[in-house]
Amino acid sequence: MANSERAEEMQENYLRNGKLQELPKVRKQIVGPIEIFRFADRLDITLMILGLLASLVNGACLPVMSLILGEMSDNLISGCLVKTNTTNHQNCTQSQEKLNEDITVLTLYYIGIGVTALVFGYMQISFWVMTAARQTKRIRKQFFHSILAQDISWFDGCDIGELNTRMTDDINKINDGIGDKIALLFQNMSTFSIGLAIGLVKGWKLTLVTLSTSPLIIASAAMFSRIMISLSSKELNAYSKAGAVAEEVLSSIRTVVAFGAQEKEIQRYTQNLKDAKDVGIRKAIASKLSLGAVYFFMNGTYGLAFWYGTSLILSGEPGYTIGTVLAVFFSVIHSSYCIGTAAPSFETFSIARGAAFNIFQVIDKKPAIDNFSTTGYKPECIEGTVEFKNVSFSYPSRPSIKILKGLNLKIKSGETVALVGPNGSGKSTAVQLLQRLYDPDNGFITVDGNDIRTLNVQYYREHIGVVSQEPVLFGTTINNNIKYGRDGVTDEEIEKAAKEANAYDFIMEFPNASKGRTTIVIAHRLSTIRSADLIVTIKDGMVAEKGIHAELMAKQGLYYSLVMSQDIKKADEQMAPMAYSTEKNTNSVSLCSMSNIKSDFTGKSEESIQYKETSLPEVSMLKIFKLNKSEWLSVVLGTLASILNGAVHPVFSIIFAKIITMFENDDKTTLKHDSEIYSMIFVILGVICFVSYFIQGLFYGRAGEILTMRLRHLAFKAMLYQDISWFDDKENSTGALTTILAMDIAQIQGVTGSRIGVLTQNATNMGLSVIISFIYGWEMTLLILSIAPILALTGMIEATAMTGFANKDKQEFKHAGKVATEAVGNIRTIVSLTREKAFERTYEEMLQTQHRNTLKKAQIVGSCYAFSHAFVYFAYAVGFRFGVYLIQAGRMTPEGMFIVFTAIAYGAMAIGETLVLVPEYSRAKSGAAHLFALLEKKPTIDSYSQEGKTPDTCEGNIEFREVSFSYPCRQDVLILCGLSLSIEKGKTVAFVGSSGCGKSTSVHLLQRFYDPMKGQVLFDGVDAKELSVQWLRSQIAIVSQEPVLFDRSIAENIAYGDNSRVVPLDEIKEVADAANIHSFIEGLPAKYNTHIGLKGTQLSGGQKQRLAIARALLRKPKILLLDEATSALDNESEKVVQHTLDKASQGRTCLVVAHRLSTIQNADLIVVLQNGKIKEQGTHQELLRNRDIYFKLVNAQSVQ
């Protein structure tokens, strides 16, 4: 009798799996059904074969059971059991004993089926889960290995984020597709074929009539699933747009806050949510409608089958009794239901095959430069003589642009050679070729006379050390970061390396690092390379000139002009931003703001975060429901529809019992009349289902989607208004926050809206069923009710086992995923340090723990599945035996027995379904706890508040009074200690000092991202804390080292400077002109409407800087902050940008943080910071006369 419940399940499966097809339908590339198992070994193959056989046997249980049910019904109705009804008693041909014997045999059959289901059910599930786990582990290992083996050009061409998704999602899809789903698929196929066979043998006419409606059911299910799939992908697309906005905004939160653009971004996010909401409502309606349609057709089929069955019996068709009708009917219904259930499993398998295509493609890809290769020559020692012969090269991702055009260059062993030249001339490219990250298109590179392509890649790279412009540190301790330089390093060596690289003092003084090594230095700052043995200038991918500093200066060529543009007596404390030497040396830099380095060396990675989560306060369900208050009308209407729907099942069980038992009567006319009425009632029930499901979908869908949208909006808004220090916390990384928006909130929707409907429906169903059963036969009801909890319990165990494991798995995969993401993201660093094997090992260890979990899971899930399925058969056996006894004793009619049985069986299933929702409910609660914690967190510096003074004018006088500060994320490190400094309006003040001395920190304090722990920051004599935050920030503009631009058009990016109004295009052009970039923009095809890509990737460094300056100028700020605004640029860009900045800072108070002293020689005041205190201050000339720190900095590195 389980059918309509099953229909619902099948429907949900159909839809759930439909959702997985998010990928565009175009991708027909798919691996073969056998090929997907190519990573199976002997044991796996054995397990798979045994699992398959078990599932075929298990599939036979249901159809055989319907046969026994038919026999049973015939025996019950024949009238031999009941002495009272004399008319029927005469027809009784059998003796009482014979009958009892028959019924006992049938009961034993039930028990036999139960045992079969128990044994084979366990086998099919656990074997398949085990073998799937073993195979996926191998696939993961291979995949990661072959990613690490690929050459860099492959990484240039692929999206790194996508790779990580592949690594987790796609492989998970394979795991789903080749596990227990296959066992279930074969089980369903076996049920289908056996059921159909039984039906045709017992009564082919009825079988065909019953089957006649199945095309309708299948067609409706397929049609709706199509609609659902397209709506799901639309919804995902709409949300992914919003998600992209969220990620972009959260990752550049400082810029958003500095420009006061929170409202603008919240609007942009919400706009994208609206589309997702509309699609979501349509989707909710479609999903409920499809359920309604299936119910309508199923009830219609019941009506048709019984009407036709009774007319066959009445017309005296040979071999038809009510038992036959039941047996045929159930066999057919079960088998057609099985097609429905098999569909999702089949679909999961196809999805797995599609996912496998991509994965296997990567696994089979043979890289041009194989990092793991064991072949190749390993010379005894490498002297380090390097020669480029006619090397030409263009990046594979941009083959049309030639970078090197016939480069010739010889570097003798032990020399220090400097490569200089404008941006894009091919300096870094030459070095990447030397590391063999790429191979040249023409020409070759030799080391000690050997073409580097003949050398063993790993061995060769081990002799090259790299220090790049932005050192990449991995998420472990500082200690391990230095260790990554080479295998088998002792602590003393680490200390030595750190000292050599002078990471102790945060300064890399290269001269002592390059003793006895061939060193190649790429420099924008020419002062750092005066003492080089050879200076090579490169222009347009060819060597323009070479020689030592003095020779090249005498030539007055390209080098001379580069030096002159950087002339003055100036220094630079950031030594050579990139250096490559043919021995390893690594440096790492520790700053509070580098969230990569975990404080303390304990390596308590993410585990500590897990413990914190538990401390969140419990959130009552009431609080969640209250969020839906404004949609109360929708919720009420939806609930009424659910109650109506819940009443359908109990009514159905009464009609069903009446149909079976009406054959106790022999009067043909009444029989015919009754059967017609009952059949009609079935159809009416179907219509009621259809309508009430539609109403549920309409109202609950609307309420749920509006709620989700409201919550996402609130959450996003709450995030944008948190303190900056909140974002410094590792727990609030961009990834974690976007997950809250995407996942946690979707989970909360899972308990409100339609879920309330399912609960109401099931409660109504259960309540009515129990009441009806007690009326018809209280003893039998009590017996079945005592069994029901076990039925419900098994369902629950199965559900909890699954979710419990899922969470554990998630944890492990998160860790493994972190290793993988980190490796892929910093692949160049890993390759140049030849650390691929170390990462592989870490990844494998992570997978191992997860693998052990899965093997446990296989046993538990297998046993629970087997038990819950077998138990149904045992329950039937007990119930029937007891029912027969009651009927014989005259305490119950056969009709009563059927009613009780069907009603309670339904009720129990409803309970089971409710229990399946328990994990969803607990997930929603944890999601809600996170969300409310976020919504209730009040920031200490509230950017939203209108409070505080808003003076009419801002002069631009700034004063730091006894300011002490340390970052909240590392309170043990004091960054500023008692800093006192006053800056008059209109003056330009420069901060210099080594990294970590507090230069940038003072800028953050001015923008009021943080408040000082002691002391005050004053604007025009007023404490910053008393001023309105919004007003204060509107007076300040910042241009920072790495300007953050948004994925909008150029015009919008510039207009970002003032978010309080709509900025006219003329004004945008005016500031662009002032920032020296107007002519460049006019040269672009789309001019000011050009989209600049995520983070402005389509532009060069200098262009991004000038856009940022235009954006800052648009603010008409009184105070301009320049945070190392030119440090990442080469000479030519720098000259342009510096000129622009000098113009921009006229008549404004200007605060400059600089590494390059050339840029600040004309400042009104230069402040030298050390360890958070002012060491000296004065003008350029005064400080030179002091002969202290500043003098040393300048002299150590002046160019001439």
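These figures come from a predicted structure and were not determined experimentally. (Residues numbered from 1 in each chain as written. Predicted model: local features only at pLDDT ≥ 70, side-chain atom pairs only at ≥ 80, totals over all residues. Heavy atoms only, no water.)

Draft legend 1. Quick look at the overall build of the protein chain. Scanning the protein chain for helices and strands turns up 39 helices and 20 strands. The 1200 residues of the protein chain split such that 55% are buried. Within the protein chain, contacts between residues at least 6 apart in sequence are counted, and of these 82% link residues at least 24 apart. Of the accessible surface of the protein chain, which amounts to about 49,600 Å², a share of 58% is contributed by carbon and sulfur atoms. (Helix = DSSP H or I, 4+ residues; strand = E, 2+ residues; numbered from the N terminus. Buried < 20%, exposed > 50% of the residue type's maximum accessible area, 1.4 Å probe, protein only. Contact = heavy atoms within 4.5 Å. Areas by Shrake-Rupley, 256 points an atom, 1.4 Å probe, with all protein chains shown as cover.)

Draft legend 2. Representation of a nonpolar patch on the surface. On the surface, a nonpolar cluster with roughly 540 Å² of combined accessible area is contributed by L108, I111, V115, L118, V119, I790 and F867. Locating V115 in the fold gives a position in helix α5 (residues 96-149). (Patch = residues over 30% accessible without salt bridge, like charges linked within 9 Å, V, L, I, M, F, W, Y side chains within 5 Å. Salt bridge = Lys/Arg side-chain N within 4 Å of Asp/Glu carboxyl O.)

Draft legend 3. Spatial organisation of the nonpolar core. Ranked by size, the top nonpolar core spans 77 residues in total, and within it Y269, F716, L741 and F1019 carry the most contacts. For this core, the element with the most residues is helix α23 (residues 668-720), which contributes eight residues. In this view, F1019 contacts N957, L1006, A1024, L1027, L1032, I1036 and I1119; residues no more than four positions away in its chain are not counted. Of all hydrophobic cores here, the second largest spans 76 residues; its members include W128, F360, F388 and V831. (Core = buried A, V, L, I, M, F, W, Y, C linked by side-chain atoms within 4.5 Å.)

Draft legend 4. Main features of the pairing of strand β20 (residues 1173-1178). Both strand β19 (residues 1165-1170) and β20 contribute to a ladder of five bridges, which runs antiparallel. Paired with V1167 across the strands is Q1177, a residue of β20. (Pairing = 2+ DSSP bridges.)

Draft legend 5. Focus on a positive patch on the surface. Taken together, the side chains of K389, K410, K412 and K546 define a basic patch exposed on the protein surface. As for its placement among the helices and strands, K546 is situated in strand β9 (residues 542-547). Assessed through its relative accessible area of 40%, K546 is described here as partly exposed. (Lys, Arg positive; Asp, Glu negative; His and termini not counted. Charge placed at Lys NZ, Arg CZ, Asp CG, Glu CD.)

Draft legend 6. Local environment of the sheet that holds strand β16 (residues 1036-1040). Taken in spatial order, the six strands make up an open sheet running β16-β17-β18-β13-β19-β20, and their pairing is mixed. Every other strand in the sheet has two partners, leaving β16 and β20 as the edge strands with one partner each. Each strand axis lies, on average, 20 degrees off the axis of its neighbour in the sheet, ignoring direction. Sheet topology note: the strand β13 (residues 988-992)/strand β18 (residues 1149-1153) ladder contains four bridges and is parallel. When the sheet's bridge partners are listed, A990 is paired in β18 with V1152. (Axes fitted to C-alpha atoms, helices over the stretch in contact; angles between N-to-C directions.)

Draft legend 7. Quick peek at unusual backbone geometry. The backbone of E962 sits at a positive phi, close to 50 degrees, despite the residue not being glycine. The residue E962 is located in strand β11 (residues 958-965) in this model. Take E962: its relative accessible area is 52%, and that puts it in the exposed class.

Draft legend 8. Just the sheet that holds strand β1 (residues 386-393), in detail. Spatially, β2-β1-β4-β5 is the arrangement adopted by the four strands of the open sheet, whose pairing is antiparallel. One side of each edge strand has no neighbouring strand; the edge strands of this open sheet are β2 (404-411) and β5 (450-451). As paired strands, strand β4 (residues 442-447) and β5 are joined by two bridges and run antiparallel to one another. Across the sheet, T446 pairs through a bridge with D451, a residue of β5.

Draft legend 9. Structural detail: the packing of helix α9 (residues 204-212) against helix α12 (residues 262-314). Taken N-terminus to C-terminus, the directions of α9 and α12 make an angle of 160 degrees; their axes are 9 Å apart at the nearest point. By the angle between their directions, the pair α9 and α12 is classed as roughly antiparallel. In the packing of α9 onto α12, the handedness of the crossing is right-handed. Only T301, L304, A305, Y308, G309 and L312 of α12 make contact with α9, whose side of the interface consists of K205, L206, V209, T210 and S212. Across the contact of α9 with α12, the residue classes break down as six nonpolar, four polar and one charged. (Parallel < 35°, antiparallel > 145°, perpendicular 65-115°, else oblique. Left-handed = near helix turned anticlockwise from the far one by under 90°. Nonpolar A, V, L, I, M, F, W, Y, C, P; charged D, E, K, R; others polar.)

Draft legend 10. Structural view of the environment of A242. Its place among the elements puts A242 in helix α10 (residues 214-251). Residues A242 and A742, 500 residues apart in the sequence, show an inter-C-alpha distance of 9.4 Å. Those residues within four positions of A242 in sequence are excluded, and the remaining contacts are Y269, N272 and L273.

Draft legend 11. Layout of the side chain of N645. For N645, the position within the fold is in helix α22 (residues 632-661). Not counting residues up to four positions away in its chain, the partners in contact with N645 are C689, S692, Y693, Q696 and Q761.

Draft legend 12. Representation of the pairing of strand β14 (residues 1014-1019). With five bridges joining them, β11 and β14 adopt antiparallel strand pairing. Each bridged residue has a counterpart across the sheet, and for R961 the counterpart in β14 is Q1016. Sheet topology note: the β14/strand β15 (residues 1022-1023) ladder contains two bridges and is antiparallel. Bridge assignment links L1018 to a residue of β15, and that residue is D1023. Where β14 folds back onto β15 in an antiparallel hairpin, the turn is made up of two residues, including D1020, whose phi is positive at roughly 50 degrees.

Draft legend 13. Geometry of the packing of aromatic side chains. For the structure on display, the rule yields 32 aromatic pairs. The interplanar angle of 70 degrees and the centroid separation of 6.0 Å between the aromatic rings of Y302 and F682 together place this pair among those described as edge-to-face. Note that Y302 is positioned in helix α12 and F682 in helix α23, a separation of 380 residues in sequence. Here Y302 matches F682 in class, with each residue buried. Counting every residue linked through ring pairs, the aromatic cluster contains Y302, F306, F329, F330, F652, F656 and F682. Here the guanidinium or amino end of R38 rests over the ring plane of F360, the centre of that ring lying 4.6 Å away. (Phe/Tyr/Trp six-rings, centres within 6.5 Å; stacked < 30°, edge-to-face > 60°. Lys NZ or Arg CZ within 6 Å of the ring centre and 35° of its normal.)

Draft legend 14. Representation of the pattern of salt bridges in the model. For the structure on display, the rule yields 16 salt bridges. A salt bridge links E779 to R891; the shortest N-O distance between them is 2.4 Å. Placement of E779 in helix α27 (residues 778-825) and of R891 in the loop between α29 (836-888) and α30 (894-936) is noted, with a sequence separation of 112 residues between them. Residue classification places R891 among the partly exposed positions, given a relative accessible area of 47%. One connected set of salt bridges, linked through shared partners, spans D41, D44, R134 and R138.

Draft legend 15. Layout of the packing of α5 against α29. Here α5 crosses α29 at 170 degrees, and the two axes come no closer than 8 Å. In terms of orientation, α5 lies roughly antiparallel with respect to α29.

Draft legend 16. Local environment of helix α3 (residues 61-77). Under the 1.5 Å per step criterion, the end-to-end length of α3 is 25 Å for 17 residues, consistent within 8% with the ideal 24 Å. When you tally the buried positions in α3, you get 13 out of 17 residues, the bulk of the element. (Expected span 1.5 Å × (residues − 1).)

Draft legend 17. Expanded view of the confidence of the model for the protein chain. Of the residues in the protein chain, 81% have a pLDDT of 70 or more, and the chain-wide mean is 76. By mean pLDDT, helix α20 (residues 607-613) is the weakest element of the protein chain at 37, and helix α2 (residues 42-59) is the strongest at 92. With pLDDT under 50 throughout, residues 469-480 is counted as low confidence; its partners more than four residues away or in other chains account for 39 contacts. Note that residues 494-513 has pLDDT below 50 and, in this model, 34 contacts with residues that lie over four places away or in other chains. (pLDDT = per-residue confidence, 0-100.)

Draft legend 18. Region of interest: the environment of T429. When you line up the elements, T429 lands in helix α14 (residues 427-434). A residue is classified by how much of its surface remains accessible, and T429, at 6% relative accessible area, is buried. Between the alpha carbons of T429 and F393 there is a distance of 8.6 Å; along the sequence they are 36 residues apart. Those residues within four positions of T429 in sequence are excluded, and the remaining contacts are F393, Y395, I403 and L404.

Draft legend 19. Region of the structure containing the environment of I1119. Relative to the helices and strands, I1119 resides in strand β17 (residues 1119-1123). I1119 sits in the buried class, given a relative accessible area of 1%. As a C-alpha pair, I1119 and S1145 span 26 residues in sequence and 8.7 Å in three-dimensional space.

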